[in-house]
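# Notes for the structure review
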Amino acid sequence: GTDKMAQQAACRCLLRYFDYFAAKDLRALMESLCPKMVHLWLKVNCDYPDFISLLPVMVGYCGIKYFVGDLYQILQKLQGYLSVGKKPVPYQSRSETCKALGILAKHLHNV
């Protein structure tokens, strides 16, 4: 939808759910949700820090296997969050983007 407050609340809820699933070690649930969340993450045009934070949570818990096929698109989207030329990007969004890039780099280095 176009309701910015609802989008922000949904992003926060998704992040909290994934944090909860990881804390409770619900691996089967995380593994089943991860591919769907990757496609949702790529489809939705959202620069909220909580939404950006979903990526490192998913990669950190499920590994890189669900992200390899879409890696180019993921990197393009993350690069867009760092671009200053188009529109101002909030500092916290840029910070979360850098964390996501660091986690991706760490997992790719181990492949």
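Below or above, wherever it landed, is the structure these notes cover. (Residues numbered from 1 in each chain as written. Predicted model: local features only at pLDDT ≥ 70, side-chain atom pairs only at ≥ 80, totals over all residues. Heavy atoms only, no water.)

### Some words on the pattern of salt bridges
Scanning the model with the defined rule gives five salt bridges in all. One salt bridge in this structure joins glutamate 96 and lysine 99, with 3.4 Å as the shortest N-O distance. Of this pair, glutamate 96 and lysine 99 both sit in helix α5 (residues 91-109), three residues apart, which is roughly one turn of the helix. Residue glutamate 96 is classed as buried on the basis of its relative accessible area of 11%. Residue lysine 99 is classed as partly exposed on the basis of its relative accessible area of 47%. (Salt bridge = Lys/Arg side-chain N within 4 Å of Asp/Glu carboxyl O. Helix = DSSP H or I, 4+ residues; strand = E, 2+ residues; numbered from the N terminus. Buried < 20%, exposed > 50% of the residue type's maximum accessible area, 1.4 Å probe, protein only.)

### Focus on unusual backbone geometry
With a phi angle near 55°, aspartate 25 is a residue other than glycine that sits in the positive phi range. Mapping aspartate 25 onto the fold places it in the loop between α1 (4-23) and α2 (27-43). Given a relative accessible area of 51%, aspartate 25 falls into the exposed group.

### Thoughts on α1
Counted at 1.5 Å a residue, the expected span for α1 with its 20 residues is 28 Å, and the 29 Å between its end C-alpha atoms agrees. Considering only its buried residues, α1 is in contact with α2 and α3 (49-62). The opening residue of α1, the one whose side-chain oxygen lies 3.2 Å from the backbone nitrogen of methionine 5, is aspartate 3. Just downstream of α1, aspartate 25 is the residue with a positive phi angle, here 55°. (Expected span 1.5 Å × (residues − 1). Contact = heavy atoms within 4.5 Å. Polar contact = N/O pair within 3.5 Å; in protein donor to acceptor, adjacent residues only side chain to side chain.)

### Comments concerning the packing of aromatic side chains
For the structure on display, the rule yields five aromatic pairs. Consider the rings of tyrosine 20 and phenylalanine 21, whose centres lie 6.2 Å apart with planes at 65°: the pair is edge-to-face. It is arginine 27 that lies over the ring of tyrosine 61; its NZ or CZ is 4.8 Å from the centre. Between lysine 77 and the ring centre of tryptophan 41, over which it is positioned, the NZ or CZ distance is 4.9 Å. (Phe/Tyr/Trp six-rings, centres within 6.5 Å; stacked < 30°, edge-to-face > 60°. Lys NZ or Arg CZ within 6 Å of the ring centre and 35° of its normal.)

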